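Given next are the chains, with one letter for each unit.
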Amino acid sequence: VQLQASGGGLVQAGGSLRLSCAASGRTFRDWDMGWFRQAPGKEREFVAAIRWSGGTTIYANSVKGRFTISRDNAKTTVYLQMNSLKPDDTAVYYCATTPRVAFSALALLSSYDYWGQGTQVTVSS
């Protein structure tokens, strides 16, 4: 399984970015997908996740209403649209995949078995 994250960069506060995560090596439509982030000196934290069907999503409170996760199973790609970015959103963003798990487990790092390499997002004030 390979996950390739891209789309990070430097943006001013209030701006937008769209992250992409291209997946290969397993039947994509069978996976739940998640985005996590890790800021310097902090632990990796949950950002958003989407069910294998794309019909159910879950977000961390800190990004709810600003970020949107989506997926295109035909392109085996998951996206994270990030709007109204804040300096606190600065982090390395990782995509990850898990076999179908309970909804309550989607926000847990331990639920995910494959991780991408991360893409840096820097938000300037």
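Preceding block: the structure.
Residues numbered from 1 in each chain as written. Predicted model: local features only at pLDDT ≥ 70, side-chain atom pairs only at ≥ 80, totals over all residues. Heavy atoms only, no water.

1. Re the overall build of the protein
This is how it is decided: Strands here are runs of E lasting at least two residues and helices are runs of H or I lasting at least four, both read from the DSSP assignment and numbered beginning at the N terminus. The classification of residues rests on relative accessible area computed with a 1.4 Å probe and restricted to protein chains. Under 20% of the type maximum is buried, over 50% is exposed, and intermediate values are partly exposed.
When helices and strands are tallied, the protein shows zero helices and 11 strands. Put simply, the protein runs from its N terminus to its C terminus through helices and strands in the order β-β-β-β-β-β-β-β-β-β-β. Projecting the C-alpha coordinates of the protein onto the three principal axes gives extents of approximately 40 × 25 × 25 Å. The 125 residues of the protein split such that 45% are buried.

2. Points about the state of the cysteines
The cut-off we apply is this: Cysteine sulfur pairs qualify as disulfides if the two atoms are within 2.5 Å.
For the coordinates displayed, the defined rule picks out one disulfide. Two residues share a disulfide in this structure: Cys21 and Cys95, whose sulfurs sit 2.1 Å from each other. The sign of the 60 degrees torsion about the S-S bond sets the Cys21-Cys95 disulfide as right-handed. On the criterion of sequence distance, the pair formed by Cys21 in strand E3 (residues 17-24) and Cys95 in strand E9 (residues 91-99) is long-range, its members being 74 residues apart. Judged by relative accessible area, which is 0%, Cys95 ranks as buried.

3. Side note on the pairing of E9
Rules: Strands pair, by our definition, only if DSSP identifies at least two bridges between them.
Of all nine residues making up E9, eight are buried, and the element is well covered by its neighbours. The sheet contact formed by strand E4 (residues 31-38) and E9 spans eight bridges and is antiparallel. In the strand pairing of E9, Met33 is matched with Thr97. Both E9 and strand E11 (residues 119-124) contribute to a ladder of three bridges, which runs antiparallel. Bridged to Val92 within E11 is Gln120.

4. Here we look at the sheet that holds E3
Two pairing modes exist for strands in a sheet, parallel and antiparallel, and in both the strands are linked by backbone hydrogen bonds. Which entries qualify depends on this criterion: To obtain an axis, a line is fitted to C-alpha atoms, over the contacting stretch when the element is a helix, and the angle between two such axes runs from 0 to 180 degrees between their N-to-C directions.
The sheet built from four strands is open, its strands ordered E1-E3-E8-E7 with antiparallel pairing. Looking at strand neighbours, the two that pair on one side only are strand E1 (2-6) and strand E7 (67-72), the edges of this open sheet. Strand-to-strand twist in this sheet, taken as the mean axis angle between neighbours without regard to direction, amounts to 15 degrees. Looking at chain direction, E1 and E3 are connected through five bridges and run antiparallel. Residue pairing for E3: Ala5 is matched across the bridge by Cys21.

5. A few points about the environment of Met33
Put simply, the rule reads: In what follows, residue pairs with any heavy atoms lying within 4.5 Å of each other are defined as contacts.
Counting through the fold element by element, Met33 comes out in strand E4. Met33 sits in the buried class, given a relative accessible area of 0%. Sequence separation of Met33 and Thr98 is 65 residues, and the distance between their C-alpha atoms is 6.4 Å. With residues near it in sequence (within four places) discarded, Met33 still touches Leu3, Cys21, Phe28, Ala48, Ala49, Ile50, Ile69, Arg71, Val78, Ala96, Thr97 and Tyr112.

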